[in-house]
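Summary of structural features
In case you want the letters, here they are:
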Amino acid sequence: MKTDVEELSPTRVRLSVEVPFDELKPSLDKAYREVGRQVRIPGFRPGRVPPPVIDRRVGRDVVLNQAVNDAIPDLYAKAVADGDIYALGQPEVEITSLDDGKELTFTVEVDIRPKFELPDLATLSVTVDDTLVSPDEVAEYLGSLQERFASLKGVQRAVQPDDYVSIDLSATVDGKPVEDAQASGLSYQVGSESLLDGLDTALTGMAAGDSTTFRTELAGGEFAGREADVTVTVHSVKVKEVPGLDDEFAQLASEFDTLGELRADTRAQLERMKSVQQVVQARDRALDALLDKIDIPLPESVVTEEAKQNRESVLQQLERAGADLDGYLEMSNQTQEQFEADIDQRARRSVKVNLILDQLARAEELGVDQAELSAYVTRQAEQMGVAPEQLARQLAESGQLSYAAADVLRAKAMNLIAERAKVTDESGHEVDIAAALGVPAADAEAAADAVAAEDDAEVMAETDPDAELEDGAAEDGDSDDPEA
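Model, not experiment: these values are computed from the prediction.

**Describing the pattern of salt bridges**
Tallied over the full model, the rule gives 23 salt bridges. Linking K30 and D70 is a salt bridge whose minimum nitrogen-to-oxygen distance equals 3.1 Å. Of this pair, K30 sits in helix α1 (residues 25-38) while D70 sits in helix α3 (residues 60-82), and the two are 40 residues apart along the sequence. Judged by relative accessible area, K30 falls into the partly exposed class, the value being 32%. Residue D70 is classed as partly exposed on the basis of its relative accessible area of 32%. Note that D288 and R349 form a salt bridge whose closest N and O atoms lie 2.4 Å from each other. Separated by 61 residues along the polypeptide, D288 in helix α7 (residues 259-293) and R349 in helix α10 (residues 336-363) bring together distant segments of the chain. According to the relative accessible area criterion, R349 is partly exposed, its value standing at 41%. One connected set of salt bridges, linked through shared partners, spans E6, R12, R14, E92, E109 and D111.

**Digging into the sheet that holds strand β1 (residues 2-9)**
Within the open sheet, the 4 strands sit side by side as β1-β2-β4-β3. Their pairing is antiparallel. Of all the strands in the sheet, just β1 and β3 (87-99) have a single pairing partner and so form its edges. The sheet shows a mean angle of 20° between the axes of neighbouring strands, taken without regard to direction. As judged from the 7 bridges shared by β1 and strand β2 (residues 12-20), these two strands associate in the antiparallel manner. Along β2, the bridge assignment pairs T3 with V17.

**Here's the deal with the packing of aromatic side chains**
By the definition in use, this model includes 2 aromatic pairs. Taken together, a centroid distance of 6.0 Å and an interplanar angle of 90° make the contact between F149 and F249 edge-to-face. With F149 in the loop between α4 (135-148) and β6 (151-154) and F249 in helix α6 (residues 247-253), this pair connects stretches of sequence that are 100 residues apart. On the basis of relative accessibility, which here comes to 31%, the residue F149 falls in the partly exposed class. A residue is classified by how much of its surface remains accessible, and F249, at 2% relative accessible area, is buried. For the pair Y328 and F339, a centre-to-centre distance of 6.2 Å together with 80° between the ring planes defines the contact as edge-to-face.

**Considerations on the pairing of β2**
Linking β1 to β2, which pair antiparallel, is a turn of 2 residues. Across 9 bridges, the pairing between β2 and strand β4 (residues 103-112) is antiparallel. Bridge pairing links V17 to F106 in β4.

**Some thoughts on a nonpolar patch on the surface**
Together, V93, I95 and L98 make up an exposed nonpolar region whose accessible area comes to about 210 Å². Position of L98 relative to the elements: it lies in strand β3.

**Quick look at helix α11 (residues 370-384)**
Here α11 contains 15 residues, and its C-alpha end-to-end distance of 21 Å stays within 8% of the 21 Å for a straight helix at 1.5 Å per residue. Among the residues making up α11, those that are buried are L373, Y376, V377 and A381. Along α11, the residues classed as buried sweep out an arc of 135° about the axis, all on the same side. Of the exposed residues in α11, the ones pointing more than 90 degrees away from its buried face are A371, E382 and Q383. In this structure, the buried residues of α11 make contact with α12 (388-397) and α13 (401-420).

**Looking at the nonpolar core**
Counting 39 residues, the largest nonpolar core has I417 and V423 as its most contacted members. Elements that contribute at least two residues to this core include exactly β5 (125-128), α7, α8 (300-320), α9 (325-331), α10 and α13. Top contributing element to this core by residue count: α10, with 9 residues. The next biggest cluster of nonpolar side chains, apart from the first, holds 31 residues, and it includes L64, V68, A79 and V80.

**Some points on the environment of P161**
Mapped onto the elements, P161 comes out in the loop between β6 and β7 (164-173). Remark: the alpha-carbon pair of P161 and E137, spanning 24 residues in sequence, is separated by 27 Å. When sequence neighbours within four positions are dropped, the list of residues in contact with P161 reads V190 and T204.

**Re the confidence of the model for the protein chain**
Taken over all residues, the pLDDT of the protein chain has a mean of 87, while the share at 70 or more is 90%. Considering only residues more than four positions removed or in separate chains, one finds that residues 440-484, a stretch of pLDDT under 50, has 54 contacts.

**Things to note about unusual backbone geometry**
Notably, D162 is not glycine yet its phi reads approximately 80°, a positive angle. Relative to the helices and strands, D162 is located in the loop between β6 and β7. On the basis of relative accessibility, which here comes to 51%, the residue D162 falls in the exposed class. A positive phi angle is found at N333, which is not glycine, with a value near 55°. With respect to the helices and strands, the residue N333 is situated in the loop between α9 and α10. Given the relative accessible area of 69%, N333 is considered exposed.

**As for the pairing of β3**
With 9 bridges connecting them, β3 and β4 associate as antiparallel partners. Pairing of D99 across the sheet is with E103, part of β4. With antiparallel pairing between neighbouring strands as the criterion, β3 and β4 make up a hairpin whose turn holds 3 residues, including G101 at a positive phi of roughly 85°.

How each quantity is defined
Residue positions within a chain follow its written sequence, with the count starting from 1. For this predicted model, a pLDDT threshold of at least 70 governs which residues receive local features, and a threshold of 80 or more governs which side-chain atom pairs are given and counted, while totals over whole chains, interfaces and linings are taken from all residues. As a rule here, side-chain values cover all heavy atoms of the structure and leave hydrogens and water aside. Salt-bridge detection follows one rule: a side-chain nitrogen of Lys or Arg within 4 Å of a carboxyl oxygen of Asp or Glu. The helix count covers DSSP runs of H or I at least four residues long, the strand count covers runs of E at least two residues long, and both are numbered beginning at the N terminus. Relative accessibility under 20% of the residue-type maximum defines a buried residue, over 50% an exposed one, and the middle range a partly exposed one, all with a 1.4 Å probe and only protein chains included. DSSP bridges decide pairing: two strands pair if at least two such bridges lie between them. A fitted line through C-alpha atoms represents every axis, and for helices the fit uses only the stretch in contact; the resulting angles, taken between N-to-C directions, go from 0 to 180 degrees. Aromatic pairs are defined between Phe, Tyr and Trp rings, using the six-membered ring for Trp, whenever the two ring centres lie within 6.5 Å; interplanar angles under 30 degrees are classed as stacked, those over 60 as edge-to-face, and all others as tilted. Any residue with relative accessible area above 30% and no salt bridge may belong to a patch, with like charges joined within 9 Å and the nonpolar Val, Leu, Ile, Met, Phe, Trp and Tyr side chains within 5 Å. Shrake-Rupley sampling with a 1.4 Å probe provides the accessible areas, and residues are treated as covered by the protein chains on show and by no other component. By this rule the span expected of a helix is its residue count minus one, scaled by 1.5 Å. The arc in question is the one spanned by the directions pointing from the helix axis to the C-beta atoms. When checking whether two residues touch, look at their non-hydrogen atoms; a contact exists if any pair is within 4.5 Å. To define a nonpolar core, start from buried Ala, Val, Leu, Ile, Met, Phe, Trp, Tyr and Cys residues and group those joined through side-chain atoms within 4.5 Å. The predictor's confidence in any single residue is recorded as pLDDT, a number from 0 to 100.

Printed below as a string of structure tokens:
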């Protein structure tokens with residue numbers, strides 16, 4: 001087989017392939033066997049029909065076409081190897097000639113990995129946050145811990161700001177009840193301003209058993225934007241009691257006997273968390289610094305496919321949130337053109353990152369062992385809420401294990417960039433990322449998951465206009481635990 005490579009651009013080539021006919025013989029024999037099993041010819045058992053009979057009754061061209069279609073994938077793979085190129089995306093194949101008994105020729109146009117040089121990673125310099133934990137941060141953490149152990153206690157007095165109340169709500173527009181603006185036994189924190197304009201003012205001063213009506217504009221539903229008369233009835237009034245910050249609380253909330261021990265452990269935990277966050281920052285910022293140093297022509301078909309996947313991912317998130325693209329664009333104050341431009345920009349960055357990380361992994365001869373692949377599958381399974389064995393089986397059956405291995409390699413390449421870059425904290429102290437990467441894997445993964453969770457929360461907040469209201473209602477539940 002002969003392969004000629006013509007460079008159409010830095011990211012695309014045309015392969016012209018000439019295949020001697022004898023190289024098609026295995027595929028031709030296979031095609032005759034398959035056609036022979038499919039046809040019914042008197043005097044011959046299925047699968048026992050001689051090729052000359054098939055040629056006369058079915059046609060030689062039918063068999064040749066089936067043989068060529070069967071052979072093309074392997075011939076294409078061999079042509080790529082012979083041409084010493086790394087193909088990306090889907091190839092465009094054209095059969096240019098099929099001379100029975102002599103030769104098959106075809107051309108392939110395909111995007112390829114562009115050639116570029118990686119700079120010395122030691123020339124990269126980035127700054128990350130300090131790990132110093134302030135007394136205010138310790139106090140803030142302990143304060144949130146106190147909130148977790150707080151309880152609600154009923155009071156017999158008028159409603160005041162920050163009280164928790166159980167209420168009924170009903171609304172009418174022009175005297176007609178609004179079906180989607182009725183609620184019973186709703187738990188609400190006065191002053192949160194998370195339901196209706198004017199509700200906090202109306203509730204202040206009321207007592208259990210009181211009812212009042214106020215006028216407000218409805219924010220959603222069939223009568224959105226219309227003035228409505230809203231009646232609110234108070235069933236109970238509760239206040240939140242927070243435990244004191246003392247040794248007794250330390251024993252309640254932790255394994256420690258004294259508040260001093262709890263403070264010391266809190267500081268140590270926050271320092272460990274900041275150290276892990278430094279690693280995450282170093283990885284991201286060192287990668288950004290490397291991206292700024294490299295200009296790469298990008299294969300357009302790969303960018304197009306990445307943009308398509310990004311767009312589908314956004315639409316799926318919107319669908320899960322019960323929203324649509326028009327609503328998302330309105331909430332994010334974007335036009336359709338701006339949305340598409342952002343999708344394209346993200347796709348181009350993703351493709352560029354993958355090209356760089358893949359080349360670095362090859363240059364450094366990085367590899368993936370079974371333990372690393374198993375750990376990756378286990379983490380992904382935990383995030384998806386499925387058994388690791390089930391996910392591993394699905395990846396194997398769908399041929400996706402190679403993609404999982406590629407993700408592991410890219411993560412190792414990102415670590416390598418951060419390790420070799422010069423990393424300093426805001427105080428000017430050099431940070432040893434290689435040593436920091438030696439922290440327990442569980443801590444590192446927890447930090448990475450926390451960052452990912454924050455990103456997901458931002459997306460959900462943007463796509464679900466009711467998310468904030470629902471979260472507030474859940475936190476302010478009418479129970480003995482305000483954080484329930």
